[in-house]
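# Close look at the chain arrangement
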Amino acid sequence: MKFPFRIERRKKVSVWLHLLSVIAAMVIGLSICAFLIRGANANVIDAYKALFLGAFGSTNAFLDTLIQATPLILTGLAMVISFRSEVINLGAEGQFLAGTMAAAWISMNFSDAPRLLLIPLLAISGMIAGALWGLIPGLLKAKLNTSEVLSTVILNYIILYFLSYLLSGPWKPPSEYLMQTSKFAENTYWPNLYGNLHLGFFIGLVCAGLLAYLIQKTPFGYELRAVGENREASRYNGIRIEHIILLSMMLSGALAGLAGVGEISGVHHRLRIDISKGYGWTGILIALLAQLNPIGVIFSAIFYGGLINGSVSMSINTGVPTALIEAIQGILMFVLLATGTMLQYRLRRIDQNE
């Protein structure tokens, strides 16, 4: 007997359907995690209460969540711009580190400059460093058709080893045992907006708005989307594919580099070997969870930041093991991604005349 339905891609997904899928994903994900929490001999209600309160239960908790979300907003946006053009940039981690290294160099050498000049200088230097590190795989892809997946991953390792060299030699103070620089001068610190929430969060919001406008309202955005949807048809219509690849990789790298500046100038105020907690890789997850929507990236990043903060509170207050906490984070994100992907398709009854 012939199956009377077929799977087809939706032309458009409504906002309400998106919201419904998120609610369904959370119910499914939390139900699965409840069994794991119960298996760890912890109270499920208390664990989820601690998770929520640790993420959003007080002003300080919410501010900490926004601080956690700040680099993820920028690395998520970096992935949006590259994935929209069907360029698989897996090098945001390296571009993030390039931004931190540029900001560190500026902080060590120009700390006497007026703060009004120093703050934009730090941001611009990090963006340039990230863009240049993104330009390398972009050129290889555009000119030699080299796999950007391979080249970006290799460049991640190269810059990490170079950072290790700097922090174990030229940039490491004699009195320091860890692989890190000395604290930078306070003149290099980005101002706080409220409490410990620094300028980087506001910059992330502005970048999300600008990127949304760029993608939807400008000729470059149209070409970017066209290349992402059908590269050969775009070439036939006169769009310069190589030009789009280069620009998307440089913009992607610039945003990832800016995320690195925020961690240097807004949070740590020194360069450390472990300054990135996988922000470049997590940015991929954030972008996919947001369905490559720049505004959606803000909410995805805040959700993930809350998940990180809340998980710490859950572990402290209920005794849930750290390994299980990481598994819970992974399960929730996996279910959200899976439902988001399934939402793009629907079952359609086959007409007898077809």
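Description of the structure in this document.

For the rest of this paragraph, the subject is the overall build of the chain. Along its length, the chain carries 13 helices and 4 strands. A globule of 354 residues ought to have a C-alpha radius of gyration of about 20 Å, and the chain, at 22 Å, matches this closely. With respect to the principal axes defined by its C-alpha atoms, the chain has extents near 80 × 60 × 35 Å. Here the chain holds 354 residues, and 51% of them are scored as buried. Partitioning the contacts of the chain with sequence separation of at least 6, the portion at a separation of at least 24 is 77%. By element, 65% of the accessible surface of the chain is carried by carbon and sulfur atoms, the whole surface being about 18,000 Å². Treating the 25 positive side-chain charges of the chain as one cloud and the 18 negative ones as another, the clouds have centres 7 Å apart.

In the Ramachandran plot, Glu86 falls in the positive-phi region, its phi being about 60 degrees despite a non-glycine side chain. Along the chain, Glu86 falls in the loop between helix H3 (59-83) and helix H4 (92-109). Judged by its relative accessible area of 44%, Glu86 falls in the partly exposed class.

Let's shift gears to the nonpolar core. Of all hydrophobic cores here, the largest spans 98 residues; its most connected members are Ile37, Tyr48, Leu77, Trp190, Leu271 and Met314. With 13 residues, H3 is the largest single contributor of residues to this core. When sequence neighbours within four positions are dropped, the list of residues in contact with Tyr48 reads Leu30, Cys33, Ala34, Ile37 and Met314.

Glancing now at helix H8 (residues 219-229). Residues of H8 that are buried: Phe220, Gly221, Leu224, Ala226, Val227 and Gly228. Of the surrounding elements, those touching the buried residues of H8 are H3, helix H7 (199-217), helix H9 (231-236) and helix H10 (241-268).

Between side chains of opposite charge, a pair can form as their charged atoms come close. Going through the model one piece at a time under the given rule, you end up with 3 salt bridges. Note that Lys141 and Glu148 form a salt bridge whose closest N and O atoms lie 3.3 Å from each other. The burial state of Lys141 is the same as that of Glu148; both residues are buried. Measuring nitrogen to oxygen at the nearest pair gives 3.4 Å for the salt bridge that ties Glu242 to Arg235. According to the relative accessible area criterion, Glu242 is partly exposed, its value standing at 29%. Overall, the relative accessible area of 38% leaves Arg235 in the partly exposed class.

Helix-helix packing: each pair is described by the crossing angle between the helix axes and the interaxial distance. The contact between helix H11 (residues 279-289) and helix H12 (residues 294-318) brings their axes to 8 Å, and the two run at 125 degrees. In terms of their interaxial angle, H11 and H12 are classed as oblique. Pair H11 / H12 crosses with right-handed handedness. Where H11 approaches H12, its residues Thr282, Leu285, Ile286, Ala287 and Leu289 are matched on the opposing element by Val297, Ser300, Ala301, Phe303 and Tyr304.

End to end, H3 covers 35 Å across 25 residues, agreeing with the expected 36 Å (1.5 Å per residue, within 8%). Along H3, the sharpest change in direction is near 30 degrees and occurs at Ala69; proline Pro71 comes one to four residues later. Counting buried positions along H3 yields 20 of 25 residues, so the element is predominantly enclosed.

Turning to the environment of Ala123, a few remarks are in order. Its location among the elements puts Ala123 in helix H5 (residues 115-144). Through-space distance from the C-alpha of Ala123 to that of Leu135 is 18 Å; in sequence the pair is 12 residues apart. Residues within four places of Ala123 in sequence aside, it is in contact with Trp190, Leu258 and Val261.

To continue, consider the side chain of Lys141. Looking at where Lys141 falls in the secondary structure, it is placed in helix H5. Taking the relative accessible area as the measure of exposure, Lys141 reaches 14% and is therefore buried. Side-chain polar atoms of Lys141 contact the side chain of Glu148, separated by 3.3 Å. Setting aside residues up to four positions removed in sequence, Lys141 forms contacts with Thr146, Glu148, Arg231 and Ile245.

Together, Leu193, Tyr194, Phe202, Val206 and Leu210 make up a nonpolar patch on the protein surface, roughly 510 Å² of accessible area in all. Among the elements of the structure, strand S2 (192-194) and H7 are those that each provide at least two residues to the nonpolar patch. Looking at which element gives the most residues to the nonpolar patch, the answer is H7, with 3 residues. Tracing the sequence through the fold places Phe202 in helix H7. For Phe202, a relative accessible area of 46% corresponds to the partly exposed category.

Conventions adopted
Residues numbered from 1 in each chain as written. Predicted model: local features only at pLDDT ≥ 70, side-chain atom pairs only at ≥ 80, totals over all residues. Heavy atoms only, no water. Helix = DSSP H or I, 4+ residues; strand = E, 2+ residues; numbered from the N terminus. Rg over C-alpha atoms; globule rule 2.2 N^0.38 Å. Buried < 20%, exposed > 50% of the residue type's maximum accessible area, 1.4 Å probe, protein only. Contact = heavy atoms within 4.5 Å. Areas by Shrake-Rupley, 256 points an atom, 1.4 Å probe, with all protein chains shown as cover. Lys, Arg positive; Asp, Glu negative; His and termini not counted. Charge placed at Lys NZ, Arg CZ, Asp CG, Glu CD. Core = buried A, V, L, I, M, F, W, Y, C linked by side-chain atoms within 4.5 Å. Salt bridge = Lys/Arg side-chain N within 4 Å of Asp/Glu carboxyl O. Axes fitted to C-alpha atoms, helices over the stretch in contact; angles between N-to-C directions. Parallel < 35°, antiparallel > 145°, perpendicular 65-115°, else oblique. Left-handed = near helix turned anticlockwise from the far one by under 90°. Expected span 1.5 Å × (residues − 1). Bend = angle between axes of the 7 residues up to and from the residue. Polar contact = N/O pair within 3.5 Å; in protein donor to acceptor, adjacent residues only side chain to side chain. Patch = residues over 30% accessible without salt bridge, like charges linked within 9 Å, V, L, I, M, F, W, Y side chains within 5 Å.

What is shown is where atoms sit, not what they do.
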